[in-house]
Amino acid sequence: MLPFEVEIPFVSHLGFRLHRWENGEAELHYRARPEHLNSYEVTHGGASMTLLDVTMAHAARSAIPGSGAVTIEMKTSFMAPAKGALVAKGKLLSRSSRMAFCEAWLYDEQGALCSHATGTFKYVMPEVVQSLQAAKKQIKTD
């Protein structure tokens, strides 16, 4: 498991684990806790979409070290219930200096495809990310 480069409170709350992010690809793992399930006792679609979103953003970010990525748009299709230990795999399809176009797949513990997403992301350049992190540290220490 790899550490996330920046702390994302919602991602920490959900318990996502980063396993790989390099060369335009990313892989995250997740096991939904009881409070993250829907009324059918499967992973809530919102949690699945968040996992796909974060996976695509990491695939985009892997192409520009130190950058951030903000979601501009996302489309998700659900094919099967997401149960048990989940794996999301994302890929950067194309990028410009400011935008990234990605897709991701979510698999259950048997390897069945549960959902698929595409997304467009706007890059936040490394110097902006660094200044935001410095400001956050200053606020915490004052």
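Residues numbered from 1 in each chain as written. Predicted model: local features only at pLDDT ≥ 70, side-chain atom pairs only at ≥ 80, totals over all residues. Heavy atoms only, no water.

Focus on the UniProt feature "domain: Thioesterase" (unreviewed entry) in the chain
- The positions UniProt marks with the feature "domain: Thioesterase" (unreviewed entry) are residues 42-114.
- The span residues 42-114 shows a helical share of 23% and a strand share of 45%, and its end C-alpha atoms are spaced 11 Å apart. (UniProt positions renumbered as here; feature names shortened; annotations may be inferred. Helix = DSSP H or I, 4+ residues; strand = E, 2+ residues; numbered from the N terminus.)

A word on the nonpolar core
- Formed by 30 residues in total, the largest nonpolar core has its most connected members in Phe16, Tyr30, Leu51, Ala100, Cys102 and Leu106.
- Listed by contribution, the elements that provide at least two residues to this core are α1 (9-14), β1 (17-22), β2 (25-31), α2 (45-61), β4 (85-95), β5 (99-107) and β6 (113-124).
- Tallying contributions element by element places α2 first for this core, with 8 residues.
- With residues near it in sequence (within four places) discarded, Cys102 still touches Met56, Ala60, Lys91, Leu92, Leu93, Ala117, Thr118, Gly119 and Phe121. (Core = buried A, V, L, I, M, F, W, Y, C linked by side-chain atoms within 4.5 Å. Buried < 20%, exposed > 50% of the residue type's maximum accessible area, 1.4 Å probe, protein only. Contact = heavy atoms within 4.5 Å.)

Things to note about the side chain of Glu103
- Relative to the elements of secondary structure, Glu103 occurs in strand β5.
- In this structure, Glu103 is buried with no salt-bridge partner, the nearest side chain bearing the opposite charge being Lys91 at 7.1 Å.
- Among the polar contacts made by the side chain of Glu103, one reaches the side chain of His116 at a distance of 2.8 Å.
- Among residues more than four places away in sequence, those in contact with Glu103 are Met56, Lys89, Gly90, Lys91, Leu93, His116, Ala117 and Thr118. (Lys, Arg positive; Asp, Glu negative; His and termini not counted. Salt bridge = Lys/Arg side-chain N within 4 Å of Asp/Glu carboxyl O. Polar contact = N/O pair within 3.5 Å; in protein donor to acceptor, adjacent residues only side chain to side chain.)

Here we look at the sheet that holds β1
- The strand order across the open sheet built from 6 strands is β1-β2-β4-β5-β6-β3, with neighbouring strands paired in antiparallel fashion. Strands with a single pairing partner mark the edges of an open sheet, and in this sheet they are β1 and β3 (68-78). Neighbour to neighbour, the strand axes of the sheet diverge by 20 degrees on average, direction disregarded.
- Packed onto the sheet, α2 meets β1, β2, β3, β4, β5 and β6 and runs at close to 135 degrees relative to β3. (Pairing = 2+ DSSP bridges. Axes fitted to C-alpha atoms, helices over the stretch in contact; angles between N-to-C directions.)

Some words on the pairing of β5
- Of the strand pairs in this sheet, β4 and β5 are connected by 8 bridges, and their pairing is antiparallel. Residue pairing in the sheet places Leu92 in a bridge with Cys102 of β5.
- Counting the residues between successive antiparallel strands, the hairpin from β4 to β5 contains 3 residues.
- Here 9 bridges tie β5 to β6, and the two strands are oriented antiparallel to one another. When the bridges of β6 are listed, Cys102 appears paired with Gly119.
- In sequence, β5 turns back onto β6 through a hairpin of 5 residues, with Gly111 there showing a positive phi of about 90 degrees.

Observations regarding the pattern of salt bridges
- The tally for this structure, following the rule as stated, stands at 4 salt bridges.
- The partner of Arg61 in a salt bridge is Glu5, with the nearest N and O atoms 2.6 Å apart. Taken together, the residues Arg61 in helix α2 and Glu5 in the segment before α1 connect sequence positions 56 residues apart.
- The class for Arg61 is buried, based on a relative accessible area of 7%.
- Between Arg20 and Glu25 there is a salt bridge, and its shortest N-O distance comes to 3.0 Å.
- With relative accessibility at 30%, the residue Glu25 sits in the partly exposed group.

Some thoughts on the pairing of β4
- Of the pairings in the sheet, the one linking β2 to β4 comprises 7 bridges and is antiparallel in character. Directly across from Ala26, in β4, lies its bridge partner Gly90.

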